[in-house]
Amino acid sequence: VSEQILEQVLKELQPLCTAEQHFIEKFFLLSQDAADLEALEVSMRIVSSPVPLDNEPTTRLLSEIFSSLEPDLRGFLDVCNKVHPFSCLQVLVTLNDSVFEMWGSSSSLPSSFFNTVLGNMLLLAKSSFNKCIAALCKEIEEAKVTSKTKGGILPFVSRFEEFVNFSEDVFRSAQRRGELDKAHLRLAGSVFGSINSLSSANLKANTDMIMMENFHHIHCFLCQKKIRCLEGKKREAKQRYSQHLEKYVIKYLGQPLEKLNHFFDGVKARVAQGVKEEEVSFHLAYSKQELRKVIEKYPGKEVKRALETLYRKIHKYLSPEENLLPVVWHAMEQEFIRQYQEFEDLIQRCYAGSGITMDFTMEDLLSYFNSITLSS
């Protein structure tokens, strides 16, 4: 409503000021060329009637006539900005469009008094807009994430979305959006920075999970909005989401086969140090007997039970609104299969001919994941 009132005020003021300017210039002959003005000045001196013939007589006269115009407009803009936290956007668009229309209007004088006033108001509107963006960036950057945060979309991410939705609606038919694009990039930078800072926060919940969900949320949001200046941020969000998904999966999958992971990490370390693959089993800690002991700790039933526990755990902590459970669970299945194949390969290479095998096959593993998915 405030921007409609402002637009109406400007539309009514413009013809009034323009008409007054035309009258003054005509009445006082201020639009005459230099020769006419000089002749007028000489003739007026003869009759001893001084005429204001300074460089900007029109502006000076109009400034006196409309002395309260600019202060009143400033006061009105202040009221508009207080209506809504983001009202400065609507004020900026209205003034931007008004100036654009004035400059393109043949009926408006190129150096009219009202254009000057309008230009001053536009500078004021830009200043208010920049202060609003600076305050919002500070709010995002200083947002506190408590250690009790369990997950889900962070409040400052939702705040960013609120601003983008509102601003895009306001600027939908705007003549220019350069200021908004700069603001979007600045705010997105603050949001990404605040999410990244979680890696050093002391959170009870898994940090990679929270970062994964929030970058995924931002990516989906930016895909929906299709804002050209944020294409780079959209790609960055997707990249960061994928990185933290991988970290989250690898960390949690270490638990179901933790001792096997630890054992084969040692095997790989010995090979990397120069021990021949066929000689690894002669090291006491990595003998065939020790490998059998570790494998015995992971019968198929126990592995399935561990996977069921893992599924329940990630189901509990992942936020339902992002619906990332199927994605995370599929990624965990792929990582588990990769680990299983790596273990089988190391057994074939370092314990060839021993007859040692895992207690469960690849087909068993696939059936575990499938049954857990179907029963959920």
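Labelled according to an unreviewed UniProt entry, the chain appears under the name EXOC1 protein, originating from Casuarius casuarius.

Caption draft 1: Broad picture of the overall build of the chain. A tally of helices and strands in the chain yields 15 helices and zero strands. Buried residues in the chain amount to 43% of all 376 residues. Intrachain contacts of the chain at a sequence separation of at least 6 include 75% that bridge at least 24 residues. Summed over its atoms, the accessible surface of the chain is roughly 20800 Å², and 52% of this surface lies on carbon and sulfur atoms.

Caption draft 2: Local environment of the pattern of salt bridges. Taken as a whole and judged by the stated rule, the model has 17 salt bridges. Note that Arg338 and Glu342 form a salt bridge whose closest N and O atoms lie 3.7 Å from each other. Here Arg338 and its partner Glu342 are both found in helix α14 (residues 325-350), four residues apart, which amounts to about one turn of the helix. Looking at Arg338, the relative accessible area reads 41%, which means it is partly exposed.

Caption draft 3: Focus on the packing of aromatic side chains. Applying the stated criterion to the full structure yields eleven aromatic pairs. Between Phe336 and Phe369, the ring centres sit 5.8 Å apart and the planes meet at 75 degrees, which makes this aromatic pair edge-to-face. Placement of the pair is Phe336 in helix α14 and Phe369 in helix α15 (residues 362-375), with a sequence separation of 33 residues. Phe369 sits in the buried class, given a relative accessible area of 1%. A connected cluster of aromatic rings, assembled from ring pairs, spans Phe263, Phe264, Tyr286 and Phe343. One Lys or Arg, Lys233, reaches over the ring of Phe192 and ends 4.8 Å from the middle of that ring.

Caption draft 4: The arrangement of unusual backbone geometry in detail. We note that Lys226 has phi near 55 degrees; this positive angle belongs to a residue other than glycine. The residue Lys226 is located in the loop between α9 (207-225) and α10 (231-253) in this model. In this structure, Asn323 is a non-glycine residue whose phi angle is positive, near 55 degrees. With respect to the helices and strands, the residue Asn323 is situated in the loop between α13 (300-317) and α14.

Caption draft 5: Layout of the state of the cysteines. Overall, the coordinates contain zero disulfides when judged by the stated rule. A disulfide-free cysteine, Cys132 has its sulfur positioned 3.7 Å from the sulfur of Cys88, the nearest such atom. Between Cys223, a free cysteine, and Cys220, which holds the nearest cysteine sulfur, the sulfur-to-sulfur gap is 6.4 Å. Note on Cys223: relative accessible area 32%, which makes it partly exposed.

Here is what the cut-offs are and how they apply
- Residues numbered from 1 in each chain as written.
- Predicted model: local features only at pLDDT ≥ 70, side-chain atom pairs only at ≥ 80, totals over all residues.
- Heavy atoms only, no water.
- Helix = DSSP H or I, 4+ residues; strand = E, 2+ residues; numbered from the N terminus.
- Buried < 20%, exposed > 50% of the residue type's maximum accessible area, 1.4 Å probe, protein only.
- Contact = heavy atoms within 4.5 Å.
- Areas by Shrake-Rupley, 256 points an atom, 1.4 Å probe, with all protein chains shown as cover.
- Salt bridge = Lys/Arg side-chain N within 4 Å of Asp/Glu carboxyl O.
- Phe/Tyr/Trp six-rings, centres within 6.5 Å; stacked < 30°, edge-to-face > 60°.
- Lys NZ or Arg CZ within 6 Å of the ring centre and 35° of its normal.
- Disulfide = S-S within 2.5 Å.

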